[in-house]
Amino acid sequence: MKCRAEIEAQDLIELDTEDASYLKVVGCSATLDLLRKYRKEYGVDSSQWPMPAQGDHSSLLLKEALEKQRGSWQFPYPHDELCHCRSVTTHKVDQAILAGAHTTEQVSRLTSASTACGTCRPEVEKILRWRGLIK
Ligand code: FES
Ligand SMILES: [Zn+2]
């Protein structure tokens, strides 16, 4: 099964659960370079690759694709809409986080989530924590 992680219209990493040598990568030079480095250092078998720990967008995408491939991806917020006051989807919030919003304030600025009642802010924090961006 194919599993992908992407920032829409920007970067895409696709792996396969059955064929660990399968790799599709589309995107900026940072993402292409990261995948080239992984293949060179750790071989074509992505099941042997270490989890990236960095918070740059290429590493976040690779980590997501690897976790999906290994079955350890359980996104922490299951609903489609995250901020009900501003009608902001979970997807939009997560895309902003991937693209570089690494605090709740930055997420609010980019998406307008959590700018009214604020009860959704802990959910934004959960996603930031899940992505390893805050403690
Ligand atoms: S639910 Fe997000 S600000 Fe109220
Ligand atoms: Zn990129």
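Residues numbered from 1 in each chain as written. Chains lettered and ligands numbered in written order. Predicted model: local features only at pLDDT ≥ 70, side-chain atom pairs only at ≥ 80, totals over all residues. Heavy atoms only, no water.

Draft legend 1. Representation of the coordination of the zinc ion (ligand 2) within the structure. Within the protein, the atoms that donate to the zinc ion (ligand 2) are Asp11 (OD), Asp11 (OD), Cys28 (SG) and His57 (NE2), at distances of 2.0 to 2.5 Å. Each of the four donor atoms around the zinc ion (ligand 2) contributes to a set of angles spanning 54 to 142°, which defines the coordination as irregular. In primary-sequence terms, the residues that donate to the zinc ion (ligand 2) follow D-x16-C-x28-H. In this pair, Asp11 is assigned in strand 2 (residues 11-16) and His57 in helix 2 (residues 57-70), connecting sequence segments 46 residues apart. Residue His57 is classed as partly exposed on the basis of its relative accessible area of 21%. (Donors = N, O, S within 2.8 Å, 3.2 Å for Na, K, Ca; no water. Tetrahedral: all angles 85-135°; square planar, octahedral: opposite > 155°, others 65-115°. Helix = DSSP H or I, 4+ residues; strand = E, 2+ residues; numbered from the N terminus. Buried < 20%, exposed > 50% of the residue type's maximum accessible area, 1.4 Å probe, protein only.)

Draft legend 2. Broad picture of the pairing of strand 2. Extensive coverage of strand 2 is indicated by the burial of six of its six residues. Across the two faces of strand 2 the burial is the same, with Asp11, Ile13 and Leu15 and Leu12, Glu14 and Asp16 all buried. As paired elements, strand 1 (residues 2-7) and strand 2 share six bridges and run antiparallel to each other. Within the sheet, the bridge partner assigned to Lys2 lies in strand 2 and is Asp16. (Pairing = 2+ DSSP bridges.)

Draft legend 3. Region of the structure containing the domain arrangement of the protein. Assigned domains of the protein: these are domain 1 (2-70) and domain 2 (81-130). Centre-to-centre, using C-alpha coordinates, domain 1 lies 24 Å away from domain 2. With ten residues of domain 1 in contact, the opposing surface of domain 2 contributes seven residues. Across the interface of domain 1 and domain 2, roughly 620 Å² is buried in total on both sides, 49% from carbon and sulfur atoms. Ranking the residues of domain 1 by area buried against domain 2 places Ile7, Glu8 and Leu60 at the top, with a combined share of 49%. (Domains from an automatic or database assignment. Contact = heavy atoms within 4.5 Å. Buried area = accessible area lost by both parts, 1.4 Å probe.)

Draft legend 4. Structural detail: the nonpolar core. Leu62, Leu82, Val93 and Ile97 are the most contacted members of the largest nonpolar core, which has 30 residues in total. Sorting the residues of this core by element identifies strand 1, strand 2, helix 1 (29-42), helix 2, strand 4 (81-83), helix 3 (90-98) and helix 5 (121-130) as the ones contributing at least two each. Domain assignment of the residues forming this core places at least three in each of domain 1 (2-70) and domain 2 (81-130). Excluding residues within four positions of it along the chain, Ile97 makes contact with Leu60, His102, Val107, Val124, Ile127, Leu128, Arg131 and Leu133. (Core = buried A, V, L, I, M, F, W, Y, C linked by side-chain atoms within 4.5 Å.)

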